[in-house]
Amino acid sequence: MRAACGVAVYPDDAGGSQGLLRCADLAVRRAKVLERPYVVYSEIADEEIPPSLVLETDLEAAIETGELENHYQPKIDLQSRTITGVEALARWTTSIHGPVRPDVFVGLAERTGLIMPLTLWSLITALRQSRELQERVGNIGVSINLSGGILHEPEVDDLVSRTMKIWNADPGQVTYEVTESAMMADPSASLKKLQELNAKGINGSIDDFGTGYSSLAYLKNLPVQELKIDKSFVMRMAEDRGDARIVRTIIDLAENFEIAVVAEGVENQETLESVASMGCNTAQGFYMGRPMPLEDLIRWVDESPWGGGGKTLH
Ligand code: G
Ligand code: MN
C-alpha cells in the first residue's frame, strides 16, 4: 500500500501543537482507511471519525502522558476482617471525552495493538505503587488483570517476571487475574501459559468465575491459587436463591480443590455475612471499599475499620 499522508490545517480550534498533531494523526489514519494518498483533516466531517478512532489516537498518547491512573480496591480477609491485598484497576479520564469505561479502552487496546504497552504501563505502575504501599502501610498483596488479548503474547510471562525483578516484588505478594472466559477461548494454550507463570512463582486467579464454561476436568489441572466468584452472582444473592446457591457451590468447589475463594461485588453487610458463613476466604466490593487512587487508599487503610489502622499489617 502507498504511504498515507495526513494534513491538518486547523490550528485555531485544534488546541495548540498537541491538538494539531492529533488532527494530523487522525487524517493519516483516515487516509489509510480510505486508501487515499492523503486526507486533509478539515475535510473530515465529525461524524466520519468513529469515536474508537479518536480514542485510539488518544489512548496511545495517554499511555505516554500519564492520563491513565491505577486505582486500587481493597480485598478483605474474612477471618481477620482486615485488608490483605488490593486489585489494581486501570482508569482513564480524558480531557476531551471525560472518563472512558475500562472495558471500552481495554477492548480498544486489544483491537489496535496497544494492549502490550497498556499492560506494561499498568504492571509497572502497580508494582511501583505496591512497593510504596508496602513501605508506608505494610504487607499488602497486589492483583493485576491480564486481559485475554495479552495472555497469548509469547513474552507475557517474561514481562511480568522482569517487571517484578525491577521493583524487587515478592512473588508471593503478586497475583495475576485472568477471566474464565478469556481462558476458555483457547483452553490448552491458556493452560500452558498459566503453568509458565506458575513456574515463576506468581500466584494465579481465575476472574469472573461461573460465567465462562470451564469443565471440572479442566479445573482439576489448573495451576492457580484463587477463584473469584463473578460479581453478578454475589450482587444478587440476597434476592435470588439461585444466585446464592451458585455462590455456595463455587465456594465448596474451591474448598474441595484447595483453592482460595474471593467473593467480589459485595455491596452490603448482609452479603458480607452470607459469604463469610459459607466459608469464603476473601471479600471485595463497594461495601468495604471502592477502587481508589493510591493516596486515598493509604488514607483508607488508616481510617477504615477494615484497614487495621494501618498497624496490624506490619
Ligand atoms: O471482574 P473484574 O476484575 O473486571 O472486576 C473489577 C470491576 O468491578 C471494577 O471495575 C470495579 O469497579 C467493579 N466492582 C468492584 N466491586 C464492585 C461492587 O461491589 N459492585 C459493583 N457493581 N461493581 C464492583
Ligand atoms: Mn479482576
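Residues numbered from 1 in each chain as written. Chains lettered and ligands numbered in written order. Predicted model: local features only at pLDDT ≥ 70, side-chain atom pairs only at ≥ 80, totals over all residues. Heavy atoms only, no water.

Examining the nonpolar core
In this structure, Leu194, Ile206, Leu222, Ile229, Val247 and Leu297 are the most contacted members of the largest nonpolar core, which totals 80 residues. The element that contributes the greatest number of residues to this core is helix 4 (residues 115–136), accounting for 8 residues. Ignoring anything within four residues of it in the chain, the contact list for Ile206 reads Val178, Glu180, Met183, Leu194, Leu222, Val224, Glu226, Leu227 and Lys228. (Core = buried A, V, L, I, M, F, W, Y, C linked by side-chain atoms within 4.5 Å. Buried < 20%, exposed > 50% of the residue type's maximum accessible area, 1.4 Å probe, protein only. Helix = DSSP H or I, 4+ residues; strand = E, 2+ residues; numbered from the N terminus. Contact = heavy atoms within 4.5 Å.)

Looking at the pattern of salt bridges
Tallied over the full model, the rule gives 16 salt bridges. Two residues, Asp157 and Lys200, come together in a salt bridge whose shortest N-O distance is 3.6 Å. With a gap of 43 residues between them, Asp157 in helix 6 (residues 156–166) and Lys200 in the loop between helix 8 (187–199) and strand 8 (203–209) connect regions that are remote in the sequence. When salt bridges that share partners are traced, they join Asp157, Asp158, Lys192, Lys193, Glu196 and Lys200 into one network. (Salt bridge = Lys/Arg side-chain N within 4 Å of Asp/Glu carboxyl O.)

Here we look at the coordination of the manganese ion (ligand 2)
Within the first shell, the manganese ion (ligand 2) binds the protein through Glu87 (OE), Asn145 (OD1), Glu177 (OE) and Asp207 (OD), at distances of 2.1 to 2.5 Å. Look at where the donors of the manganese ion (ligand 2) fall in the sequence and you get E-x57-N-x31-E-x29-D. With Asn145 in strand 6 (residues 141–145) and Asp207 in strand 8, this pair connects stretches of sequence that are 62 residues apart. (Donors = N, O, S within 2.8 Å, 3.2 Å for Na, K, Ca; no water.)

Quick notes on the layout of surface pockets
By volume, the largest pocket is sized at about 980 Å³. Surrounding the largest pocket, 36 residues form its lining, Glu87, Leu89, Arg91, Pro102 and Asn145 being those nearest its centre. Looking at the lining of the largest pocket, the elements with two or more residues in it are strand 4 (82–94), helix 3 (102–111), helix 4, strand 7 (174–179), strand 8 and helix 10 (231–236). Residue contributions to the lining of the largest pocket peak at 6 residues, all from helix 3. Of the residues assigned to the lining of the largest pocket, the class counts are 14 nonpolar, 11 polar and 11 charged. (1 Å grid on protein atoms, 1.4 Å probe; cavity = no way out; pocket = protein on both sides within 12 Å on 5 of 7 lines; lining within 4 Å. Points joined across faces, edges and corners; volume = space filled by probe spheres on them. Nonpolar A, V, L, I, M, F, W, Y, C, P; charged D, E, K, R; others polar.)

Observations concerning unusual backbone geometry
Excluding glycine, a negative phi dihedral is what most residues carry, and trans is how most peptide bonds are arranged. The backbone phi angle of Asn168 is positive, close to 50 degrees, even though this residue is not glycine. If you trace the backbone, Asn168 turns up in the loop between helix 6 and strand 7. In the Ramachandran plot, Tyr213 falls in the positive-phi region, its phi being about 60 degrees despite a non-glycine side chain. Residue placement: Tyr213 occurs in the loop between strand 8 and helix 9 (216–220).

Here we look at empty space enclosed by the protein
Under the counting rule described, the total for this entry stands at 2 cavities of 30 Å³ or more. One number sums up the size of the largest cavity: a volume of about 70 Å³. In terms of lining, the largest cavity is formed by Leu127, Ser130, Arg131, Gln134, Ile140, Val142, Trp167, Ala169, Asp170, Gln173 and Val174. In terms of residues, the lining of the largest cavity owes the most to one element, helix 4, which gives 4 residues. Considered class by class, the residues forming the lining of the largest cavity number 6 nonpolar, 3 polar and 2 charged. Around the second largest cavity sit Leu123, Ile144, Leu146, Val160, Val174, Thr175, Tyr176 and Ile202, which together line it. Here the lining of the second largest cavity gets 3 residues from one element, more than from any other, and that element is strand 7. Residue composition of the lining of the second largest cavity, grouped by class: 7 nonpolar, 1 polar and no charged.

With respect to the packing of aromatic side chains
Under the counting rule described, the total for this entry stands at 2 aromatic pairs. Ring geometry for Trp92 against Phe105: centres 5.9 Å apart, planes inclined by 90 degrees, an arrangement best described as edge-to-face. Of this pair, Trp92 sits in strand 4 while Phe105 sits in helix 3, and the two are 13 residues apart along the sequence. Exposure class is identical for Trp92 and Phe105. Each is buried. On the basis of an interplanar angle of 70 degrees and a centroid distance of 6.2 Å, the ring pair of Tyr287 and Trp306 is categorised as edge-to-face. Highlighted residues: Tyr287 in the loop between strand 11 (282–284) and helix 13 (294–303) and Trp306 in the segment after helix 13, separated in sequence by 19 residues. A cation over an aromatic ring shows up here: Arg290 above the ring of Phe286, its NZ or CZ 3.9 Å from the ring centre. (Phe/Tyr/Trp six-rings, centres within 6.5 Å; stacked < 30°, edge-to-face > 60°. Lys NZ or Arg CZ within 6 Å of the ring centre and 35° of its normal.)

Quick look at the confidence of the model for the protein chain
The pLDDT averaged across the protein chain works out to 88; a share of 87% of its residues lies at or above 70. The low-confidence segment residues 10–15 (pLDDT under 50) makes 8 contacts with residues lying over four places distant or belonging to another chain. (pLDDT = per-residue confidence, 0-100.)

Some remarks on the site of ligand 1
Within the structure, ligand 1 sits among 17 residues, and Glu87, Asp208, Glu264, Glu267 and Phe286 are positioned closest to it. At 3.0 Å from a nitrogen atom of ligand 1 is found a side-chain nitrogen or oxygen belonging to Gln73. Taking Glu87, its side chain carries an N or O atom lying 2.9 Å from an oxygen atom of ligand 1. Within the complex, 80% of the 520 Å² of free accessible area of ligand 1 lies under protein. According to the grid-proximity analysis, the pocket containing ligand 1 is the largest pocket. The set of elements that each furnish at least two residues to the shell around ligand 1 consists of strand 4, strand 8 and helix 10. In terms of residue count, the dominant contributor to the shell around ligand 1 is strand 4 (3 residues). Considering only residue class, the shell around ligand 1 consists of 5 nonpolar, 4 polar and 8 charged. (Near = heavy atom within 4 Å. Polar contact = N/O pair within 3.5 Å; in protein donor to acceptor, adjacent residues only side chain to side chain. Areas by Shrake-Rupley, 256 points an atom, 1.4 Å probe, with all protein chains shown as cover. Sits in = over half its atoms within 2 Å of the grid points.)

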